[in-house]
Amino acid sequence: MQKFIDSYDFTGKKAIVRVDFNVPLDEDFNITDDTRIRRAMPTLKKVLEKGGSLIIMSHLGRPKKVDPKFSLKHIVGRVSECLGVPVQFAEDCQKADAQAAALKPGEALLLENLRYYAEEEGKPRGLAEDASDEEKKAAKAAVKESQKAFVKKLASYADCYINDAFGTAHRAHASTALIADYFPEDKMFGYLMEGEITAIENVLKNAKRPLTAIIGGSKVSSKLAVLKNLVGKVDNLIIGGGMGYTFIKAQGGKIGKSLHEDELIPDALAILEEAKAKGVNVSLSVKTVAGQAFENDTPRRIFDTHNIDPEWEGMDAAPESIENWKKIILASKTVLWNGPVGVFELPNFAKGTLAIAEALAEATEKGAYTLVGGGDSVAAVTQMGFAEKVSYVSTGGGAMLEAIEGKELPGIAAIRK
Ligand code: AMP
């Protein structure tokens, strides 16, 4: 049964905590952004404050074997600084028995990169490119078999398990899901996970109406499952960014050189049909800022989005589109935003995305619940200085996207079951 970090008695207990310390490092192994480390601190500090000790585990990058480039030893210093206690380091996550056993209340141990072992992800490594299906199947079965001992070893270090790694919650890995079975009465979410789960539920389960989703970004193909799930849930669906042009083309519009996916036109039409049948208001761009080349200083011109000249490419939402969307956003009680409505990386085409961020901030101030999650909209709000002005900015790109697709995330299910 799921327990809660606030009410759990950690006195004299060892907690094994899965965090996401997958931070960016420069060539000299200096951390260039420690946000992920800082976001895990409330959970880690709570365990120590309540008389427990910590065994901290994470992955870093995508090593395919033991590789010093991806060693978590590079970050021990920063973790110690943030936590305010010295952090010991276990050079092999499978050989930390003695160090874990010696931990006293208030002490912390960081395990080496879990992904040095194929068992963490449970995927075979080193298979020959021309391996037969039989060989692939056998290798997969072998790693699944050795994964059991891997999980058991990690679990043996501790009395309770906390998952605070939302960024990997969509993966059924050893440390994110399988280990929970060893702690049927002593498993819980950390604060970061709790925050993300509440945010998802505020939008997908308990939303105050009207509920509006703004879905942008580059491709319909990467957001198809999101759109299919949301069309049955929201009152308003704003579709912008590069993916919007496939919808405009599906309606017979001329979109010039704008990004589009012809093979997805039937899906786009099916989404529009379903929205109509369900009484969902779909709002597409009416005016577009187009460029002649995909670069910041290209000449710009505004077109009707349904009538873009052949040599021009839609790259941002123009003021009339933004005005329409702003009205919808400001009349909403809940707003979910996923994906920029223009090429926001190029300053001359960032105005539409900036205006959406501003509208979300205004709606939040008026009492709406606003969630920015999954994809580049997170980078956009952060970069534009609006992260503190919306209700919640998700930390997990892929995990949030899958949650919005309506999927049950293995990392969440493992704690709750
Ligand atoms: P996604 O990761 O799917 O959320 O897509 C984000 C990317 O979509 C960003 O890099 C944007 O530059 C890009 N994008 C947004 N609008 C457009 C557009 N009109 N044309 C091309 N790319 C776009």
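Residues numbered from 1 in each chain as written. Predicted model: local features only at pLDDT ≥ 70, side-chain atom pairs only at ≥ 80, totals over all residues. Heavy atoms only, no water.

1. A word on the pairing of strand β6 (residues 160-163)
- Burial along β6 is two-sided: the face carrying C160 and I162 and the face carrying Y161 and N163 are both buried.
- Here strand β2 (residues 14-18) runs beside β6; their pairing, made up of four bridges, is parallel. Looking at β6, one finds that A15 is bridged to C160.
- Both β6 and strand β7 (residues 187-189) contribute to a ladder of three bridges, which runs parallel. Within the sheet, the bridge partner assigned to I162 lies in β7 and is M188. (Buried < 20%, exposed > 50% of the residue type's maximum accessible area, 1.4 Å probe, protein only. Helix = DSSP H or I, 4+ residues; strand = E, 2+ residues; numbered from the N terminus. Pairing = 2+ DSSP bridges.)

2. Examining helix α13 (residues 397-404)
- For α13, a buried count of six out of eight residues is recorded, marking the element as mostly surrounded by other parts of the structure.
- In this structure, the buried side of α13 is in contact with α6 (191-204), α7 (224-230), β16 (334-338) and β17 (369-372).
- Just downstream of α13, G406 is the residue with a positive phi angle, here 90°. (Contact = heavy atoms within 4.5 Å.)

3. Quick notes on the domain arrangement of the protein chain
- Looking at the protein chain, the domain boundaries give domain 1 (2-189) and domain 2 (197-404).
- Put simply, the middle of domain 1 and the middle of domain 2, counted by C-alpha atoms, are 36 Å apart.
- Taken residue by residue, the interface counts eight residues in domain 1 and 11 residues in domain 2.
- The largest share of the area that domain 1 buries against domain 2 comes from R39, F166 and H170, three residues that together contribute 79% of it.
- At the surface where domain 1 touches domain 2, the tally comes to zero salt bridges.
- Applying the counting criterion to the domain 1 and domain 2 interface returns zero residue pairs in polar contact (both at pLDDT 80 or more). (Domains from an automatic or database assignment. Buried area = accessible area lost by both parts, 1.4 Å probe. Salt bridge = Lys/Arg side-chain N within 4 Å of Asp/Glu carboxyl O. Polar contact = N/O pair within 3.5 Å; in protein donor to acceptor, adjacent residues only side chain to side chain.)

4. Digging into the sheet that holds strand β4 (residues 87-90)
- Reading across from one edge, β1-β7-β6-β2-β3-β5-β4 is the order of the seven strands in this open sheet, with parallel pairing throughout. Looking at which strands have only one partner, the edges of the open sheet turn out to be β1 (2-4) and β4. With direction set aside, neighbouring strand axes in the sheet form an average angle of 30°.
- Looking at chain direction, β4 and strand β5 (residues 108-111) are connected through four bridges and run parallel. Paired with Q88 across the two strands is L109, which belongs to β5.
- Across the face of the sheet, helix α1 (residues 35-49) comes into contact with β2, β3 (53-57) and β6 while running at roughly 155° to β3. (Axes fitted to C-alpha atoms, helices over the stretch in contact; angles between N-to-C directions.)

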